[in-house]
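In case you want the letters, here they are:
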Amino acid sequence: MDIQNVHPFIIFFAAITTNNILLTNFLGMCSFLAVSKDLKSSLGLGAAVIFVSTFTAPINWLVYHKLLVPYELEYLQYIAFIVVIAAFVQIIEMVIERVSTLLYLALGIFLPLITVNCAILGCALFLVIRQYTFMQSIAYGLGAGTGWALAIAALAGIRARMEKKSKVIPELEGAGIALVITGIIAMAFIGFSGIVRIN
Amino acid sequence: MNTGPVKGFAALKRMLWEENPVIGQILGICSALAVTNLVKNTLVMCLGLIFTLVMSCFTVSLMRNVIPRRVRMIIQVLIIAAYVIFIKIVLDAFLPEISNELGPYVGLIITNCIVMGRTEGYAMANKPVDSILDGIGAGIGYSLVLLPIAMIREPLGLGTFFGMQVIPADWTKWNMMVIAPSGFFALATYIWIVRALKSGREKR
């Protein structure tokens, strides 16, 4: 099936499950491992990632297809994407600070982290490589963010329980055991691969 | 982390073992997991990262006195991005197949936390020569983790090494080793081994 004809909803669903940006593409691992110690901040960062990826994916689509392609500047895509993401995060931070103190306290501290989160940049690069349409790119941004948030929430929950109830080999403590758990979650997600199969 | 007075070759050496960016600081994990199912791709990725690290550490260090503090992050990212674009163009021209397989991961060197970590944590405060050595050290430290993992994953998963058949063809391939989850397990095991060696050394 041609990728352009795939319904955006299917792209959204695939981005959460079979093409989960964290568990199959390993993007956003750094903040994933650093923040997942605590469930509350994981949820905060997850929400911020969903928000930013949903908006930057279509913006980057427009920048790439309406600005870079007509002028044959595709090789500038990395710089263009990184600038779009950084600018978007900066603007959102200022807007949130003005509009809602509550939201700023919840999301604000996570926003700077997001500029260098590879999941967001990876999102932009994948939608170019996979040649998504505009609607599909919105669905993909939303799905990738949701999938990432889902994975970090799952890991944070498991880690919080493990800290209380179980003993870990000292050498594996922290990052090591987090990687093992993530591997097991990733194996579980392979079970989804029968549902949707697109690239 | 102490980034103060370490100079010269000490800056290079500490990155290989004591402060290895992947094992010690858990940075740059994304690509460490994603590209390590083929030795060839891993090698290209490592060389790309070393190049980016050295060049951007050098450039940032040269410009460290003229970069305004408030916008330093975005300037560093732009410097890194410029070098990554250079790598991408070179790869497209000379190794189009590998460039295709690596896909977005070449571009993702930009957000590889090792590069940002070194430019922000070291090059912004140190002389160009020291920064280059620091960059080389971090790059080699990264390669020292990725290459062994790739050398285990590729033979077990595909029966090949650097694209050549090394394990007899009737060997049952461990498909598990080339798909996503084994990346996590392999890296976890590697971290386990290195930390066990380290703590063993400290006890003595």
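The coordinates are above.
Residues numbered from 1 in each chain as written. Chains lettered and ligands numbered in written order. Predicted model: local features only at pLDDT ≥ 70, side-chain atom pairs only at ≥ 80, totals over all residues.

Visitor: Could you clarify how one ought to interpret the overall build of chain B in this entry?
Guide: If you tally the helices and strands in chain B, you get 9 helices and 2 strands. N-terminal to C-terminal, the α/β element order of chain B is α-α-α-α-α-α-α-α-β-β-α. The C-alpha atoms of chain B give 18 Å as radius of gyration, which agrees with the globular expectation for 204 residues (17 Å, within 12%). Taken over 204 residues, chain B has a buried fraction of 47%. (Helix = DSSP H or I, 4+ residues; strand = E, 2+ residues; numbered from the N terminus. Rg over C-alpha atoms; globule rule 2.2 N^0.38 Å. Buried ≥ 20, exposed ≤ 12 C-beta atoms within 10 Å, placed from the backbone.)

Visitor: Mind showing me how you'd approach the interface of chain A and chain B here?
Guide: A common way to state how big an interface is: give the accessible area lost once the parts meet. Across the boundary between the two partners, chain A contributes 31 residues, which contact 33 residues of chain B. Going through the elements one at a time, helix H2 (29-35), helix H4 (77-99), helix H7 (118-129) and helix H9 (175-190) of chain A are the ones with two or more residues in the side of chain A that touches chain B. At 8 residues, the largest contribution of residues to the side of chain A that touches chain B is made by H9(A). Looking at the side of chain A that touches chain B residue by residue, the classes come out as 23 nonpolar, 7 polar and 1 charged. (Contact = placed C-beta atoms within 7 Å. Nonpolar A, V, L, I, M, F, W, Y, C, P; charged D, E, K, R; others polar.)

Visitor: Could you clarify how one ought to interpret the nonpolar core in this entry?
Guide: One recurring pattern in soluble globular proteins is that nonpolar side chains are buried together. Core analysis: the biggest nonpolar cluster contains 122 residues, and A:Ala119, A:Leu121, A:Cys123, B:Ile110 and B:Leu187 have the highest contact counts within it. A total of 11 residues in this core trace back to one element, the largest contributor, which is helix H8 (residues 134-165) of chain A. For A:Ala119, the contacting residues outside a window of four places in its chain are A:Ile21, A:Leu22, A:Leu27, A:Gly28, A:Val49, A:Ser53, A:Ala144 and A:Trp148. (Core = buried A, V, L, I, M, F, W, Y, C linked by C-beta atoms within 7 Å.)

Visitor: Could you clarify how one ought to interpret unusual backbone geometry in this entry?
Guide: Glycine aside, negative phi is the norm for most residues, and most peptide bonds take the trans geometry. Residue and element names in this part refer to chain A. A positive phi angle is found at Phe26, which is not glycine, with a value near 60 degrees. By secondary structure assignment, the location of Phe26 is in the loop between helix H1 (8-16) and H2. Positive phi, close to 55 degrees, is recorded for Glu72, a residue that is not glycine. The class for Glu72 is exposed, based on 8 C-beta atoms found within 10 Å.

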